[in-house]
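Here is how the chains run, residue by residue.
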Amino acid sequence: MAGEKGRPKIILLETGGFGGIHNYAHALANGLSGCEVELIFLTTERYEMEDQPCHFELLRLLRREAYWRTLRRVWRVFRSCKPDVLHVQSFIAPRKDLALLLLCRLLRIKVVLTVHNILPHEVRPFERALYFLYYRLAQGLILHSDLNRQRLREMVPDLEGERLHVVPHGNSEQFRYLETSREQARRRLHLPPDATIALFFGSVRPYKGLDLLIAAMPEVLSACPKALLLVAGHVEVGNQEEYEAQIADLDLGPEGLVQRYGYLSNEDMICYVRAADLVVLPYREIYQSGVVFLAYTFGRAVLATRVGSFPETVEEGRSGWLVEPEDVPGLSRALVAALSAPDKLRESGDYARHLADTRYG
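Now for a look at the structure at hand. Note that this is a predicted model, so its numbers are computed, not measured. (Residues numbered from 1 in each chain as written. Predicted model: local features only at pLDDT ≥ 70, side-chain atom pairs only at ≥ 80, totals over all residues. Heavy atoms only, no water.)

### Quick notes on the sheet that holds strand β8 (residues 196-201)
Now for step 1: Pairing in this open sheet of six strands is parallel, and the strands run β10-β9-β8-β11-β12-β13 from one edge to the other. For this open sheet the edge positions go to β10 (257-261) and β13 (320-323), each flanked by a neighbour on one side alone. On average, adjacent strands in this sheet sit at an angle of 20° to one another, irrespective of strand direction.
Now for step 2: Where β8 lies against strand β11 (residues 278-281), two bridges are found, and the strand directions are parallel. For Ala 198, the partnering residue across the bridge sits in β11 and is Leu 278.
Now for step 3: Most of the contacts of helix α9 (residues 266-275) go to β8, to which it runs at about 145°, and overall it touches β8, β9 (227-233) and β10.
Now for step 4: Those strands touched by helix α12 (residues 328-339) are β8, β9, β11, β12 (301-305) and β13, and its axis lies near 170° from that of β11. (Pairing = 2+ DSSP bridges. Helix = DSSP H or I, 4+ residues; strand = E, 2+ residues; numbered from the N terminus. Axes fitted to C-alpha atoms, helices over the stretch in contact; angles between N-to-C directions. Contact = heavy atoms within 4.5 Å.)

Given below as structure tokens:
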């Protein structure tokens, strides 16, 4: 079954076609293309990274249609390509993909899962057992931190340790061609040139704690009159009006808090990061976040909560700062300390870029 000249043939499956995991999978596919493998990237008709270099075979065959029709398409790809390995970055339909894994077992295709999240953030009770079954059926599991490996072993004690592999999340150097200066980014986004900007960006969901960050801002603005909180991203789960109501209740005007809701293109995303002085992740929970590595790649320090893999990724006082989750007064104090020290912010941002280019290269 091996491909040309005995090289293993891998199908990399990513079913979103946009967003962080899609960007990650595209970078991984380009990286694997330099190895002794044959790689096919199987994804949807939508492909956000189509303007990026593509050093692999790309199959844009998946559509938003009935699950069994989609699975039939995948089966045809399997029959035509005869892969050795299916490497799953995202499932087709997480509640139905037991059928996909059983099809792989029937065809003797090994399965590797990249476990971006051990469980979904808005998990339903029955889904826990289903995901744990998927992990038992896979021949290999890739996690992004030692802590996540330990957590998975605790959740599924019968998983053999040799099937679990820790591979740190990579940087976002594929977007470096979009880099612009802080000043140019602010002009393009119509942001004040002399403000000290803390940025919250990406998809907005309750576990990410935007409400906690908003609650921390009155104290920050009182101590740092030039501070500005910039919120940019799409409200994926929850209600945008609730955040706007909280902002109104706290009497936070546009001079202290700017909201830009909507899906961010890759170019916009980089522009917001470069316009900021600090990236803030006030998450209630997390396994690992690509936001940290994007900030690092473009030379921005981060202020994050002490949850998930952040303590492994954020070097306290060097690449950023850590606070306790759901501690609004502590978050306020940490923001004031960081935003009051522009030289330290620049120094930490430079070190964050160094980490992106070395440890996470």
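### With respect to the pairing of β12
Now for step 1: The buried count for β12 comes to five of five residues, which makes it a mostly enclosed element.
Now for step 2: Alternating residues of β12 divide into Ala 301, Leu 303 and Thr 305 and Val 302 and Ala 304, and every residue in both groups is buried.
Now for step 3: Two elements, β11 and β12, share four bridges in a ladder whose sense is parallel. Bridged to Val 280 within β12 is Leu 303.
Now for step 4: Viewed along the sheet, the connection from β11 through helix α10 (residues 290-297) into β12 turns out right-handed.
Now for step 5: Strand direction decides the pairing type here: β12 and β13, joined by four bridges, are parallel. Across the sheet, Ala 304 pairs through a bridge with Leu 322, a residue of β13. (Buried < 20%, exposed > 50% of the residue type's maximum accessible area, 1.4 Å probe, protein only. Right-handed = clockwise from strand over helix to strand, strands pointing away.)

### Examining the packing of aromatic side chains
Now for step 1: Across all of its chains, the model carries 13 aromatic pairs by this definition.
Now for step 2: Pairing Phe 91 with Tyr 131 gives two aromatic rings, centres 6.4 Å apart and planes at 75°, and the pair type is edge-to-face. Within this pair, whereas Phe 91 is found in the loop between β4 (85-88) and α3 (98-106), its partner Tyr 131 is found in helix α4 (residues 125-137), the two being separated by 40 residues in sequence.
Now for step 3: Take Phe 91: its relative accessible area is 14%, and that puts it in the buried class.
Now for step 4: Each ring, one from Tyr 283 and one from Phe 310, has its centre 5.7 Å from the other, and the planes form 50°; the classification is tilted. In this pair, Tyr 283 sits in the loop between β11 and α10 while Phe 310 sits in helix α11 (residues 310-313), placing the two residues 27 residues apart along the sequence. (Phe/Tyr/Trp six-rings, centres within 6.5 Å; stacked < 30°, edge-to-face > 60°.)

Note that every value here comes from positions in space, so none of it alone points to a role or purpose.
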